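Below, each chain spelled out in residue letters.
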Amino acid sequence: MLDESLLDTPEGLAEADRRGLLRGAAEAGARVRTAVRHATEAGVGDLKPDGRPRAVLIAGPGAAATHTADLIGALAGVGSPVVRLAPTGVAPAAGALRWELPGWTGSVDLLLIATPDGTEPSLSLLADQAYRRGCSVVAVAPPGTPLAESVAGAHGLFVPMATAPYDQDEPLAASSPGVFWALLTPLLALLDRIGLLSAPPEALEKVADRLDHIAERCGPAIATYSNPAKTLAAELADALPVVWTEGTSAGPAGRRFAAALAELSGRPALVAELPEALAVHSALLAGPLAASADPDDFFRDRVEEAPALHARVVLLRDRPISGLTAAPAARDLALSHDTPISELEPEEGGDLETLAELIAVTDFAAVYLALASRA
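Residues numbered from 1 in each chain as written. Predicted model: local features only at pLDDT ≥ 70, side-chain atom pairs only at ≥ 80, totals over all residues. Heavy atoms only, no water.

**Description of the sheet that holds strand 6 (residues 239–246)**
Here we have four strands laid out as an open sheet, ordered 7-6-8-9, and parallel in their pairing. Whereas interior strands pair on both sides, the edge strands pair on one side only; in this sheet they are strand 7 (270–273) and strand 9 (341–344). Here the strands of the sheet are splayed against their neighbours by 20 degrees on average, with no regard to which way each runs. As defined by bridge partners, strand 6 adjoins strand 8 (residues 310–317) across eight bridges and the pair is classed as parallel. Looking across to strand 8, one finds that E246 is bridged to R317. Most of the contacts of helix 10 (residues 228–235) go to strand 9, to which it runs at about 160 degrees, and overall it touches strand 6, strand 8 and strand 9. (Pairing = 2+ DSSP bridges. Helix = DSSP H or I, 4+ residues; strand = E, 2+ residues; numbered from the N terminus. Axes fitted to C-alpha atoms, helices over the stretch in contact; angles between N-to-C directions. Contact = heavy atoms within 4.5 Å.)

Spelled out as structure tokens, the structure:
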């Protein structure tokens with residue numbers, strides 16, 4: 001159940017937010033600026049690359065590294081393949097995770113390591129392995145960690161992560177907006193420098209400004225009726241989110257939203273990209289999860305029953321409604337099955353700005369849903 005009254009009680013939200021998630025979302029813009037400064041001080045702007053790498057390999061634990069790799073892959077396009085190195089191991093703990101370089105990795109490739117921890121022994125070994133193969137290494141992690149020493153020994157580039165006192169070394173912290181932007185921003189600056197994608201300093205400054213703007217619109221002091229993140233959280237109460245995305249960067253934003261819902265609030269969510277989502281989820285919307293579906297016994301007593309779980313479509317788009325779009329077909333399909341639909345479309349701006357807005361609003365929504373949910 002969702003305590004909607006809590007959404008409009010800033011003091012109650014602050015008391016419930018023991019992990020600093022709302023503060024992390026509100027300070028995302030500041031994290032971007034600090035991360036840009038750290039990247040500059042580490043020498044990213046002084047790099048003289050020989051050209052694009054053959055492939056970009058990304059390693060790191062948890063949601064932050066997964067989302068970073070997903071987003072970079074979407075922004076890079078076909079310039080260079082972006083490969084996430086998935087860990088193996090018996091537990092999601094720093095000492096239990098293992099990463100290995102593919103057999104083809106060599107001197108023309110680039111290894112990026114992104115972690116909010118930095119104590120993982122296997123990541124230090126991975127940096128050493130990359131050095132022996134002649135593969136360039138760049139890492140973003142908290143300063144003073146074993147990984148920082150290993151990257152220095154591998155003659156790689158280490159960028160200190162933009163940390164805050166309330167960052168916590170636990171798996172849930174990986175979905176924190178602050179952690180995500182602290183890891184992603186230096187890598188965007190680096191990949192802009194080597195020509196893999198476009199993220200110049202002025203674009204990153206606009207990203208920080210857009211994140212600040214969303215923090216003002218979606219902050220805990222803003223009432224639900226004029227707060228898009230609180231509105232979305234309330235709409236998803238007792239619903240199964242079916243997240244449909246349209247546009248290159250909306251895909252990673254939708255997948256991050258689904259993962260954050262599961263990790264922060266324990267809510268299952270489905271995600272797919274348009275137009276294929278219409279075929280993939282058509283049977284789902286026509287089945288027992290549709291809003292029009294009704295239990296067999298209409299006259300039975302429902303007073304003591306939990307509300308039935310019904311689907312709600314969340315449409316994320318990173319471009320305006322013009323030209324070739326599947327949005328009208330998506331609305332028609334949802335409404336034909338009496339399935340409600342929520343839509344998010346960012347204000348005009350560059351690709352990074354619109355992407356930042358989609359991520360920021362859905363991050364706030366996931367946090368509000370987590371804080372206001374109760375057993």
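Having put the structure on the table, let's press on.
**Some words on the nonpolar core**
The biggest cluster of nonpolar side chains holds 83 residues, and the ones touching the most others in it are L112, W181, L191, L211, F257, F364 and Y368. The greatest single-element share of this core, amounting to 16 residues, is contributed by helix 15 (residues 351–372). Each of domain 1 (4–16 + 211–372) and domain 2 (21–209) contributes no fewer than three residues to this core. The residues touching L191, leaving out its near neighbours within four places in the chain, are I72, L110, L112, L196 and L197. L111, A130, V137 and A141 belong to the second largest nonpolar core, which has 20 residues in total. (Core = buried A, V, L, I, M, F, W, Y, C linked by side-chain atoms within 4.5 Å. Buried < 20%, exposed > 50% of the residue type's maximum accessible area, 1.4 Å probe, protein only. Domains from an automatic or database assignment.)

**Topic: the sheet that holds strand 2 (residues 82–85)**
Pairing is parallel across the open sheet formed by five strands, whose spatial order is 2-1-3-4-5. A strand with exactly one partner marks an edge of an open sheet, and here the two such strands are strand 2 and strand 5 (157–160). Strand-to-strand, the axes of this sheet are offset by a mean angle of 20 degrees, without reference to chain direction. For strand 3 (residues 110–114) and strand 4 (residues 136–141), the ladder comprises five bridges, and the chain directions are parallel. The partner of L110 across the bridge, within strand 4, is S136. Across the sheet, helix 8 (residues 177–193) touches strand 3, strand 4 and strand 5, and the angle it forms with strand 3 is around 160 degrees.

**Digging into the packing of aromatic side chains**
Taken as a whole and judged by the stated rule, the model has two aromatic pairs. Relative to W181, the ring of F180 has its centre 5.2 Å away and its plane inclined at 70 degrees; by these criteria the two rings are edge-to-face. What makes F180 buried here is its relative accessible area of 0%. Judged by relative accessible area, W181 falls into the buried class, the value being 4%. Judged by centre distance (6.1 Å) and plane angle (25 degrees), the rings of F364 and Y368 are stacked. Residue F364 and its partner Y368 are both found in helix 15; the two are separated by four residues, about one turn of the helix. Y368 shares its class with F364; the two are buried. Over the ring of F180 we find R256; its NZ or CZ atom is 4.2 Å from the centre of that ring. (Phe/Tyr/Trp six-rings, centres within 6.5 Å; stacked < 30°, edge-to-face > 60°. Lys NZ or Arg CZ within 6 Å of the ring centre and 35° of its normal.)

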